[in-house]
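Geometric and topological summary
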Amino acid sequence: LFFIFIITCGGGPALLFVKVSHGKEEGRRFYACSACRDRKDCNFFQWEDEKVSETRLAAREEYNRNHQPPFTHRQNVERYKNFVLLPLSKRKFCQECQQLLLPAEWEKHSSHQILCDISTAQLRSPSQLLYPLENKKTNAQYLFADRSCRFLLDLIISLGFRRVLCVGTPRLHEMIQSKASQEEDFRVRSLLLDIDFRYSQFYTEDEFCHYNMFNHYFFEIHVVDAEFFIMVTDPPFGGLVEALASSFKKLMAMWKETEKEGYENPEMPMFWIFPYFFESRILEFFPSFSMMDYQVDYDNHALYKHGKTGRRQSPVRIFTNLSPSMIILPVEEGYRFCAICQRYVSSGNQHCEICNSCTSKDGRQWKHCVLCKKCVKPSWFHCNNCNCCALQNHTCEKTDAGCFVCGKAGHKRSTCPSLSRTRTSCQ
């Protein structure tokens, strides 16, 4: 995939992808929605070389208009001011429309499921009032558990940061906002960038921006104060790393323009929350990043929970460009400091003298394979056919079937030289 922002859909500028056919070196390029991989959520599709009729363009514009939010952010801010002035008995929230209701709108929503007596505490915690968007191919809005949220905030404070850019982390943002409104000596401030426009009902234009992190698109005109000191992002795990990295680099460039004299960091400090098995992809775009052992868990995810064992434990980690020695993990949860690696690791992550590193990625103790010259998972064994370690009952890669892209044997699609050439030419 590559990023040429010309054609738009409901999610803003579309991305340019390549469709590769089996046995063919050249692929055909097409535009599709940057945020939705499921055509049911956004059916936008257009071949790059396709000529679109005026009728189809008009229909597309009409579709986009019909799928706009009912109110602008500025209108939502005014509505919120009127809503908080209402007595508790008149504060209503439509669960079907996910909207705060003013008295004049009650009749229109009379057949809907209504939540009454909305308290100030509920307004300060919108992520608990709103239904999470859990389509894995679109929003995948999994929310930090209180444990992880408090750890991140405590870590940010201990590192001395006072301004936080929350990209797709609404629960961290609301914790900061809630503390700032209740504690006079609390000095941390935050700005939320999120594709979920429902949050505009609860935050001012200085606190929230409607933003698509897959194409660096702001849906409304905002004067964004780029003078933030650390960025925390928790993208959908089904998101394309290339697109995310492109947007994050642009946010870093915004920060660079407002960098204070004497600040030593060459790039904006950042916490990228993502599963550990994307480590190589993230390091490809951000070589200065390293992965921490801390397990991030979520309230509304069945599997991503801290404290579970084996495959059911959370695979989500923190990737950061800060020095690993600065990230202190909670000893009471079993993390310990490795004096050789100069970083905190999980209790099962034992230092390998051959690799000279604490090599485990998933919390279990890994074993060193002399033939592979690296540590591997404890359930893996060296396969002489594949010439690498894998599960004992795996299917060997050395079969008669060739590469999906070029049809030749000896390599997989992800390492196909033809695909690399196609990517370079598209860029």
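Just above, that's the structure.
Definitions and cut-offs
Residues numbered from 1 in each chain as written. Predicted model: local features only at pLDDT ≥ 70, side-chain atom pairs only at ≥ 80, totals over all residues. Heavy atoms only, no water. Pairing = 2+ DSSP bridges. Helix = DSSP H or I, 4+ residues; strand = E, 2+ residues; numbered from the N terminus. Axes fitted to C-alpha atoms, helices over the stretch in contact; angles between N-to-C directions. Contact = heavy atoms within 4.5 Å. 1 Å grid on protein atoms, 1.4 Å probe; cavity = no way out; pocket = protein on both sides within 12 Å on 5 of 7 lines; lining within 4 Å. Points joined across faces, edges and corners; volume = space filled by probe spheres on them. Nonpolar A, V, L, I, M, F, W, Y, C, P; charged D, E, K, R; others polar. Phe/Tyr/Trp six-rings, centres within 6.5 Å; stacked < 30°, edge-to-face > 60°. Buried < 20%, exposed > 50% of the residue type's maximum accessible area, 1.4 Å probe, protein only. Lys NZ or Arg CZ within 6 Å of the ring centre and 35° of its normal. Core = buried A, V, L, I, M, F, W, Y, C linked by side-chain atoms within 4.5 Å.

Once that is clear, we can look at the sheet that holds strand β8 (residues 114-116). Strands sit in the order β7-β6-β8 across an open sheet of three strands; the sheet is antiparallel. The sheet is open, and its two borders are formed by β7 (99-101) and β8, each paired with just one other strand. Along the sheet, successive strands turn relative to each other by an average axial angle of 30°, direction set aside. The pairing of strand β6 (residues 92-94) with β8 spans three bridges and is antiparallel. For K92, the partnering residue across the bridge sits in β8 and is C116. Contacting β6 and β7, helix α2 (residues 73-84) crosses the sheet at an angle of about 50° to β7.

An order of β12-β11-β10-β9-β13-β14-β16-β15 is seen for the eight strands of this open sheet, with the pairing classed as mixed. Lying at the two open borders of the sheet, with one neighbouring strand each, are β12 (217-218) and β15 (290-291). As defined by bridge partners, strand β9 (residues 163-167) adjoins strand β13 (residues 230-233) across four bridges and the pair is classed as parallel. Considered in β13, the bridge of V167 is made with T233.

Let us now look at the layout of surface pockets. Taken as a whole, the second largest pocket holds about 770 Å³ of empty space. Lining the second largest pocket we find 30 residues, and of these K361, W366, K374, C375 and W380 sit closest to its centre. Sorting the residues of the lining of the second largest pocket by element identifies α8 (279-285), β20 (357-358), β22 (374-376) and β24 (388-391) as the ones contributing at least two each. Class assignment for the residues of the lining of the second largest pocket results in 15 nonpolar, seven polar and eight charged.

Let us now look at the packing of aromatic side chains. Inspection of the entire model under this criterion finds 15 aromatic pairs. Aromatic pair F144 and Y298: ring centres 5.7 Å apart, planes at 35°, arrangement tilted. Within this pair, whereas F144 is found in the loop between α4 (126-129) and α5 (146-158), its partner Y298 is found in the loop between β15 and β16 (316-320), the two being separated by 154 residues in sequence. On the accessibility criterion, Y298 (0% relative accessible area) is buried. Geometrically, the ring pair formed by F277 and F278 is tilted, given 5.5 Å between the ring centres and 45° between the ring planes. Of the aromatic side chains, those joined through ring pairs into one cluster are F144, F237, F248, W272, F274, Y276, F277, F278, F286, F289 and Y298. Over the aromatic face of W106 sits the side chain of K92, whose NZ or CZ is 4.0 Å from the ring centroid.

This part takes up the nonpolar core. Within the largest apolar cluster, 89 residues are counted, with the highest numbers of intra-cluster contacts made by F248, F271 and W272. Looking at which element gives the most residues to this core, the answer is helix α7 (residues 241-257), with nine residues.

Another point: empty space enclosed by the protein. For the structure on display, the rule yields two cavities of 30 Å³ or more. Here the second largest cavity is characterised by a volume of approximately 50 Å³. Together, N76, R79, Y80, F83, L100, L102 and Q201 line the second largest cavity. Here the element with the most residues in the lining of the second largest cavity is α2; it accounts for four residues. Residue composition of the lining of the second largest cavity, by class: four nonpolar, two polar and one charged.

In short, geometric facts, not functional conclusions.
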